[in-house]
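# Reading the structure
If you want the building blocks of each chain, they are given just below.
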Amino acid sequence: MEFGPIWRAMMRNKGGYLLIALQIAVTMAVMVNAFAIMQERSIKMSRPSGIDDANTFSLVSVGFKPDMDAKTLVQEDLDLLRGLPGVVNAVETNSFPLRQGGWSEGLHREPGVGKSVSSSAIYFVDEHGLDTFALNLVDGQNFTPDQVSWDSDSPDFWPATVIVTQALAEDLFPDHEGSYVGKTFWFNDENPANIVGVVERMQAPWPTWTGVERSMLVPLRRESEFARYVIRTEPGYRDELMVQVEELLSGSNKDRIIRGLGSAEEARKLSYLGDAAMIKILSFIVVLLTAITGLGIVGLASFSVARRTRQIGIRRALGATKPAIIRYFMLENFLVSSVGVVAGGVLAIGLNIVMVQAFALTPLAWYVIPVAMIVLWVVGQAAVAGPARRASAISPAIATRSI
Amino acid sequence: MLNMKNVSKVYRTDTVETHALREFSLIVEEGEFVSVTGPSGSGKTTFLNIAGLLEDLTDGAYELDGRDISKLNDKERSRVRNEKIGFIFQSFNLIPELNIFDNVDVPLRYRGFNADERKRRIEQSIEMVGLGSRMQHLPAQLSGGQQQRVAIARALAGEPRFLLADEPTGNLDSQMADSVLDLLAEINAAGTTIIMVTHELGLADRARRNIFVRDGQVSDNAPELHLASMAAG
Amino acid sequence: MFRYYLKLGTLSIRANPMLSALMVAAIAVGIGACMTIFTVRHVMSGNPIESKNDQLYHVQVDNWNPDDPYEEPDGAPVQVTYLDAKALFDAGRAFRQTTSFKTSRVVQPDGDDARPYQEDARATTADFFPMFDVPFLYGAGWDRASDETQDHVVVLSRELNEKLFGGEDSVGRTLMLNDEAYRVSGVLDTWNPVPKYYDVNNNPFEAPARLFLPFSLAIAGSFDNNGNTSCWKPVEEGSGREGFLASECIWIQMWVELQNASARQDYMNFLNAYVEEQKLLGRFPRPLNNHLRTPSEWMKYNEVVDEDVDVLLGLAILFLVVCLLNTIGLLLAKAMRRAKDTSLRRALGASRAELFKQHVIEAGMIGVAGGALGVVMTWFGLRGIESIFIEYEFMQHLVRMDWSMVTLAVVLAIVSALGAALYPTWRTCNITPASYLRLQ
Ligand SMILES: Nc1ncnc2c1ncn2[C@@H]1O[C@H](COP(=O)(O)OP(=O)(O)O)[C@@H](O)[C@H]1O
Ligand SMILES: [Mg+2]
């Protein structure tokens, strides 16, 4: 309705309005980019690990006496664990997804040690690995017991068969169509590996690694005084079994210690601690920032009402209705906010470009900008509502009183 | 002491130029009590503002105590205002957050007097306007006449040689106005030069010289005083 | 006059309590956000061995894959092979030198029912302690001879000594580790350099080892490497431990102490000569790419400060900018409200300079208040960060505020407030004396 006069009145006091617009613009730039980061992190955190996080836990047995019979001890432990009521399956392995420590290996399509074409996380397991990790086998089959070997029994370190994740298979053979079962790749110039199975997904131990979806099961058992057990339980049995298993293993052999007891869920949480923190800190910043900007608008609007008391009184005396006064301030704020959010959109995109370049961030999604605009418009209108209402309550009698 | 020659003042806005003063010439001697009358909008306040160094002139020459004002920078002008000139406004212009004592103190602070000297002058000038018992009051706790007397005390505390008053009684009833005029006459008798803009016939009469301003110029043929009193504002 | 302006400032702040509170709060919140992140960054980017920064050097020699260089930025591997660690150490060409890696041992306390437990250990050499100015509570490190003779000596951290020996002077006592008897040669005083500059390849923000024992002993006893091992060439099949030690796998950190620039140059020449010599034996297929880096260079090279901290710092600075824009707006509004007062003061003889002083002092007061409250906010901010990272115990060492940070917070607040006051004050000083006094 009265954009013209309001705009002209504002132009007479540009400085103050420009400041609010600028403040809204910077707020929006921060808001939008913070949101882009939060979104990126929460997508990262919600990626499935491929294993049964909720019902899996792990612990480590470390033998500390010289010349202990590791082979026998591990076999006894596994037999014990697999026989426990509530345990679905158990395996001795070197790591599990998102544990943040593990083994990775460069891979080749031809024998050789030149530049590797891909790389993968390695999980050493026996034929119980697939079931313990609750992996979804989409092609081929599980290891047969005779495919599993002890490293101390064979001269070759690397076994001839592996189960790979879909992502690894695709990375290794990008041009291949159809089944990957039967395809061969090389660990180095001597050891070919034949794919016998493909699982839908199993993440690597390192959440920040770009190849986090690339991993493989290797049917090899390593004779060592150090053994990590991963155990999957029936739903609901995990917590009590964690306590029970630790006691059981600690007691069964005095020549080793049990340590590193923790659930896959805890490992996952630790893995993403930094990302979760980032989300919390950023949302805190955004909320605080919006509050500060909102309060600033309230403060400035209150001021401008106080300064214009006489003018408002005169307007009222001349016949302006209360809603008309409120509308005046709302419209004024709307105009300032509009300048702010438009500038903010440009600023947000600029900042995003800088961040994408400097910190390898994913570029922001287009819809974040209009959403932020609407949010800031609403915040502005809400902030100005109070002072506007107070302005409308100014008595028209003020006009007749002297200064 | 005041010598204006062909002074003109033009206010420029986006669309219009207002010639508030044109070819305005006036000499005021030391010790004079001059009243200024004239129709509303004739340029009386503008003249006073320029005389008091509150505004720059557009053209012409203005000497105060033989010094060419146009050659002074902001700091020197502030200094002249502070030391030589006292102002009295129609609407008193006291600072609401400061009490009477502190209001009178304001120009003395900028003058750089030490605390004892300031206290002495403040108390002396407040006594002089008869408000010795009100020093700790805030302006809002005083009547209009009392407020104007505080403003006069403030103007006098620095012992200016030149007092400029713009309708000092405009917001006061006639009895109060009289007492303020008495005070001014007393001050003038003590040697202070006074220029007072007013529209009240009786008050203008009490000055020793009256000048009439019309269309931004000193008018040679001043009309009868009762005409002026009807038109002034 | 200064006192007078302080008084005017107080009056003005009191006359607009809500507004002043809002300004102080805005500055405090902005400072709090910036300083919280900056404090963490400050600690993470600190150099605990500043005093010897020009004498200590981390050694890098490029033994990597001819077809596929090691990572950015210069393709030099960040650790060394056992072959090179041993050769360079034995050459003894630096004033001091140390090779080390991260491992662990099972501690068997005395008493039959005392359960054994695992502790982090560092396998290192005698020079480690004097090189890194490691403080001792009791005793000392082992002497260089023990590096050769594979003696079973151990240095304990203060905490472990407290746990095992109740904090007594345990030098000379015996400690069982993995069923082997060790003689305690020294106990460290509290020593927790942040970042853990001597081993940034493995998490630079974790507690230091609680056991230190001879490198040669750890090699002979095949102690596991708990840090990173990277190989570009497979270890020869079936060659076992010997093969691994002879491989091109990198897993050892090497530091040297060189007392001046010429010693540094000499050592660099020595490294280059060593690599040239190895090339003749068929190793080091890549061009010469050796480096000696000071602790501060080394930490920068390894990007010890997490990128997220920089992202947050950038956003926090923008946050402060918003808070300041807010403050500028409020100050401007206040200046406008006071225009009449200002114009009156001008009429009464205040020069621009005097008005400028008055407003600057008032802004300074807001700044001081904002800074003081900002320090409190920073403290809360750091506690907030600590609680977010509750599962990561080491965080408590990264959220410590020292006096330099407190000072910086206050100075930043005052500078911010003064900066924010510039435009409003400029506007104020340009108010002409008559403008607001003109009647009707
Ligand atoms: N700041 C200004 N801008 C434009 N015109 C002005 C300004 N101040 C005064 N004028 C104009 O100058 C003329 C003289 O005003 P003034 O000196 O205030 O008259 P008065 O004799 O009533 O005191 C008037 O026409 C007035 O409108
Ligand atoms: Mg007038």
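Residues numbered from 1 in each chain as written. Chains lettered and ligands numbered in written order. Predicted model: local features only at pLDDT ≥ 70, side-chain atom pairs only at ≥ 80, totals over all residues. Heavy atoms only, no water.

### Examining the interface of chain C and chain B
If you look at the interface, chain C gives 25 residues, while chain B gives 27 residues. The interface formed by chain C and chain B includes 1 salt bridge. Notably, a salt bridge pairs K7 of chain C with D102 of chain B, separated by 3.2 Å at the nearest N-O pair. Linking chain C with chain B are 5 residue pairs in polar contact (both at pLDDT 80 or more), by the criterion used here. Counting only elements with at least two residues in the side of chain C that touches chain B, the list comes to α1 (2-15), α12 (339-347) and α13 (352-388) of chain C. Grouping the constituent residues of the side of chain C that touches chain B by class yields 13 nonpolar, 4 polar and 8 charged. (Contact = heavy atoms within 4.5 Å. Salt bridge = Lys/Arg side-chain N within 4 Å of Asp/Glu carboxyl O. Polar contact = N/O pair within 3.5 Å; in protein donor to acceptor, adjacent residues only side chain to side chain. Helix = DSSP H or I, 4+ residues; strand = E, 2+ residues; numbered from the N terminus. Nonpolar A, V, L, I, M, F, W, Y, C, P; charged D, E, K, R; others polar.)

### A look at the interface of chain C and chain A
In this assembly, 46 residues from chain C lie in contact with 57 residues from chain A. Between chain C and chain A, roughly 4,500 Å² of surface is buried when both sides are summed, and carbon and sulfur atoms account for 72% of that area. The tally of links from chain C across to chain A stands at 3 salt bridges. Across the pair R41 of chain A and D308 of chain C runs a salt bridge, and its minimum N-O distance is 2.7 Å. Here chain C and chain A share 3 residue pairs in polar contact (both at pLDDT 80 or more) between them. Elements with a contribution of two residues or more to the side of chain C that touches chain A: α2 (17-44), β3 (96-108), β4 (117-124), α11 (307-337), α13 and α14 (403-429) of chain C. Of the residues forming the side of chain C that touches chain A, the biggest block, 20 residues, is contributed by α11 of chain C. (Buried area = accessible area lost by both parts, 1.4 Å probe.)

### Digging into the arrangement of the chains
Counting contacts across all 2 pairs of chains found in contact, the highest total belongs to chains A and C. The least C-alpha distance between chain A and chain B, which are not in contact, is 8 Å.

### Some remarks on the pattern of salt bridges
Opposite charge on two side chains lets them pair, provided their charged atoms get close. In this structure the tally under the stated criterion is 57 salt bridges over all chains. Two residues, D255 of chain A and K65 of chain A, come together in a salt bridge whose shortest N-O distance is 3.2 Å. Taken together, the residues D255 of chain A in the loop between α6 (238-252) and β13 (256-263) and K65 of chain A in the loop between β1 (56-63) and α3 (70-83) connect sequence positions 190 residues apart. K65 of chain A gets classed as partly exposed once you look at its relative accessible area, which sits at 25%. R115 of chain C serves as the salt-bridge partner of E247 of chain A, at 3.9 Å between the closest nitrogen and oxygen. With E247 of chain A in helix α6 and R115 of chain C in the loop between β3 and β4, the pair connects residues from two separate chains. Linked through salt bridges whose partners overlap, the residues forming this network are E40, R41, K44 and D275 of chain A together with D308 of chain C. (Buried < 20%, exposed > 50% of the residue type's maximum accessible area, 1.4 Å probe, protein only.)

### Quick look at the state of the cysteines
All names here are of chain C. Taken as a whole and assessed by the stated rule, the structure comprises 1 disulfide over all chains. Shown here is the disulfide that connects C231 with C249, its sulfur atoms set 2.1 Å apart. With the S-S dihedral at roughly 110 degrees, the linkage between C231 and C249 falls on the right-handed side. Taken together, the positions of C231 in the loop between α7 (215-220) and α8 (240-245) and C249 in the loop between α8 and β10 (250-257) put the pair 18 residues apart, joining distant regions of the chain. (Disulfide = S-S within 2.5 Å.)

### Some remarks on the nonpolar core
Residues and elements named next belong to chain C. Judged by nonpolar contacts, the single largest core of 137 residues is most densely connected at F132, W191 and F212. In terms of residues, this core owes the most to one element, α11, which gives 18 residues. V59, F101, L213 and F244 belong to the second largest nonpolar core, which has 46 residues in total. (Core = buried A, V, L, I, M, F, W, Y, C linked by side-chain atoms within 4.5 Å.)

### Focus: the domain arrangement of chain A
Domain assignment breaks chain A into domain 1 (3-46 + 273-400) and domain 2 (53-264). The distance between the C-alpha centroids of domain 1 of chain A and domain 2 of chain A comes to 55 Å. (Domains from an automatic or database assignment.)

### Quick look at the packing of helix α2 (residues 14-45) of chain A against α11 of chain C
Look at α2 of chain A against α11 of chain C: their axes get within 9 Å of each other, and the N-to-C directions meet at 160 degrees. What the angle tells us is that α2 of chain A and α11 of chain C run roughly antiparallel. Crossing geometry of α2 of chain A relative to α11 of chain C is assigned as left-handed. Touching G15, G16, L19, L22, Q23, V26, T27, V30, A34, I37 and R41 of chain A of α2 of chain A are D308, V311, L315, L318, V322, L325, N326, I328, G329 and L332 of chain C, all from α11 of chain C. Partitioning the contact of α2 of chain A with α11 of chain C into residue classes produces 13 nonpolar, 6 polar and 2 charged. (Axes fitted to C-alpha atoms, helices over the stretch in contact; angles between N-to-C directions. Parallel < 35°, antiparallel > 145°, perpendicular 65-115°, else oblique. Left-handed = near helix turned anticlockwise from the far one by under 90°.)

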